[in-house]
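Residues per chain, in single letters:
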Amino acid sequence: MSRRVILVHGLWMPRASMRWHAHGLRKAGYQATLFGYATVGGGPEQAIPALRALLREPCDIVAHSLGGVLALRALQSEPGLPVGRVVCLGSPLCGSAAASTLARLPFGARTLGRSASLLRDGCDPWQGEARVGMIAGDSALGLGQVFGRFKGPCDGTVSVDETRIEGLADHIVLPTSHSGMLVSKRVSRQVLEFLAHGRFLHSDAGAK
């Protein structure tokens, strides 16, 4: 029986935003399940229990942006869930400077909704059983630059430094933007590599 992979989308994104990666996973022989949640109106209080329910059967996770923070928080809140590997795509596991700045603006708190604190705070250092890999981007294309005031490379929304949480099994930086990760062949190859081997293929980082 093929391995299950749960795909978790990011802030302001529909569940369908992960369909491109789901298609690639299915072609590679995985069972891909799209997990949807209300990023603004629902937030982690609703999303984490719903996600934990999906993770009680053996599986892996591929999560974009806020979805990666949500996934690790879910695993940290219930140690022992049978998740083998987690691939985060541009997830601000150390907290998002862009979200912190946006939350202080008059309209910002409303746009982030109930996910604001999750984005600002990120996650604790990873100490769980699952192997967690991070794919970060360094193509600075995105509105996040207006709010983030990033130091060092970023993907336009999240800085590379914001993705480097203690306890990761592997970390790789690819020439892609935050939203570009959702349709990148480079990213797809590295997702499959990590799911299969628990590490990224660093020699392929610059390949098209």
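Look up a bit, the structure's there.
Notes on the structure in this doc start here. (Residues numbered from 1 in each chain as written. Predicted model: local features only at pLDDT ≥ 70, side-chain atom pairs only at ≥ 80, totals over all residues. Heavy atoms only, no water.)

Inspection of every chain in the model, using the stated rule, returns 2 aromatic pairs. Judged by centre distance (5.7 Å) and plane angle (20°), the ring pair of Phe 35 and Tyr 37 falls under stacked. Neither residue differs from the other here; Phe 35 and Tyr 37 are each classed as buried. Taking 4.9 Å as the distance between ring centres and 35° as the angle between the ring planes, the aromatic pair formed by Phe 194 and Phe 200 counts as tilted. What makes Phe 200 buried here is its relative accessible area of 4%. (Phe/Tyr/Trp six-rings, centres within 6.5 Å; stacked < 30°, edge-to-face > 60°. Buried < 20%, exposed > 50% of the residue type's maximum accessible area, 1.4 Å probe, protein only.)

Within a regular beta strand, the side chains point alternately toward one face of the sheet and then the other, so they alternate between its two faces. Along strand S3 (residues 59–64), 6 of the 6 residues are buried, which leaves the element largely enclosed by surrounding structure. Where strand S1 (residues 4–8) and S3 come together, 4 bridges link them in parallel fashion. From the neighbouring strand, Leu 7 faces S3, where its bridge partner is Val 62. Note that S3 and strand S4 (residues 83–89) share 5 bridges and pair parallel. Note that in S4 the partner of Cys 59 across the bridge is Val 83. In this view, the connection linking S3 to its parallel neighbour S4 by way of helix H3 (residues 66–77) has right-handed handedness. (Helix = DSSP H or I, 4+ residues; strand = E, 2+ residues; numbered from the N terminus. Pairing = 2+ DSSP bridges. Right-handed = clockwise from strand over helix to strand, strands pointing away.)

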